[in-house]
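Inside the fold
Residue-level listing of the chains:
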Amino acid sequence: MSEGKSSRAFIGVGSNLNDPLQQVNNAIALLHELKDTRFLAASRLYCSRPLGPADQPDYVNAVVAVDTHLPPLALLDELQALETRQGRARTGQRWGPRVIDLDLLLYGEQTIATARLIVPHPGLHQRSFVLYPLYDIDPGLNIPGQGPLAELVARCKADDLEPLTSA
Ligand code: A4P
Ligand code: MG
């Protein structure tokens with residue numbers, strides 16, 4: 001990785017098609033190789049009920065932490081390239097089933113609102129399948145505009161979520 005200051009970023013990983021457990025493990029392996037980026041940690045893997053259309057399979061979800069020298073949009077480019085490499089066709093319905101979804105959840109303490117990128121990722125603060133894995137990795141985290149992660153977790157039910165692996 002290059003010299004200079006890096007930013008801590010958190011990436012949401014989700015899949016509910018074509019062997020989701022394998023897809024998520026595969027994505028985590030690929031995230032180890034992001035350029036100009038150091039892989040720090042992966043959360044446990046979780047099985048979660050679908051948010052959105054209910055007539056789709058359950059998801060496997062996880063969160064990954066990295067330190068990166070890539071600016072936010074360049075990181076998004078890399079994540080979308082990985083999605084494509086892993087067979088994601090970008091034509092499905094919103095919130096519909098997908099082989100892999102990589103979301104940029106947080107980028108340092110930054111708040112970003114552009115046509116291509118919104119950070120923190122919208123809905124993050126009320127999604128069990130994001131909050132609980134984030135808490136696995138960094139329980140002291142603060143979510144810009146939302147407050148301490150621990151408080152968001154305390155307010156968020158986990159009855160739609162089940163850990164698949166131990167920490
Ligand atoms: N985009 C804007 N901000 C971001 C960001 N922070 N990270 C734009 C990634 N992308 C971001 O994304 C559509 C566009 O969002 C991108 O082109 C990018 O420029 P997409 O991945 O093509 O579409 P999507 O994922 O279907 O839409 P969206 O609205 O991002 O959906 P979500 O919020 O990702 O939700 N239920 C469970 N249990 N687990 C899940 O993981 N995931 C979804 C998808 C629905 N239900 C789920 C889960
Ligand atoms: Mg997405």
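Since the structure is predicted, the reported quantities are computational estimates derived from the model, not experimental observations.

Here is what the cut-offs are and how they apply
- Residues numbered from 1 in each chain as written.
- Chains lettered and ligands numbered in written order.
- Predicted model: local features only at pLDDT ≥ 70, side-chain atom pairs only at ≥ 80, totals over all residues.
- Heavy atoms only, no water.
- Donors = N, O, S within 2.8 Å, 3.2 Å for Na, K, Ca; no water.
- Tetrahedral: all angles 85-135°; square planar, octahedral: opposite > 155°, others 65-115°.
- Buried < 20%, exposed > 50% of the residue type's maximum accessible area, 1.4 Å probe, protein only.
- Salt bridge = Lys/Arg side-chain N within 4 Å of Asp/Glu carboxyl O.
- Helix = DSSP H or I, 4+ residues; strand = E, 2+ residues; numbered from the N terminus.

1. Some points on the coordination of the magnesium ion (ligand 2)
A metal bound by six donors in octahedral fashion has ideal angles of 90 or 180 degrees, whereas one bound by four tetrahedral donors has an ideal angle of 109.5 degrees. Around the magnesium ion (ligand 2), the protein contributes the donor atoms Asp-101 (OD) and Asp-103 (OD), which lie 2.3 to 2.6 Å from the metal centre. Metal-centred angles of 66 to 167° between the 6 donor atoms at the magnesium ion (ligand 2) mark the site as irregular. Comparing Asp-101 with Asp-103, the two get one shared label, buried.

2. Comments concerning the pattern of salt bridges
For the structure on display, the rule yields 9 salt bridges. Asp-136 is the salt-bridge partner of Arg-44, the closest N and O atoms lying 3.2 Å from each other. Of this pair, Arg-44 sits in the loop between strand E2 (37–42) and strand E3 (46–48) while Asp-136 sits in helix H3 (residues 128–137), and the two are 92 residues apart along the sequence. Taking the relative accessible area as the measure of exposure, Asp-136 reaches 29% and is therefore partly exposed. Close ionic contact of Asp-58 with Arg-49 constitutes a salt bridge, the shortest N to O distance being 3.4 Å. For Arg-49, a relative accessible area of 37% corresponds to the partly exposed category. Via salt bridges that share partners, Glu-83, Arg-88, Arg-98 and Asp-101 belong to a single interconnected network.

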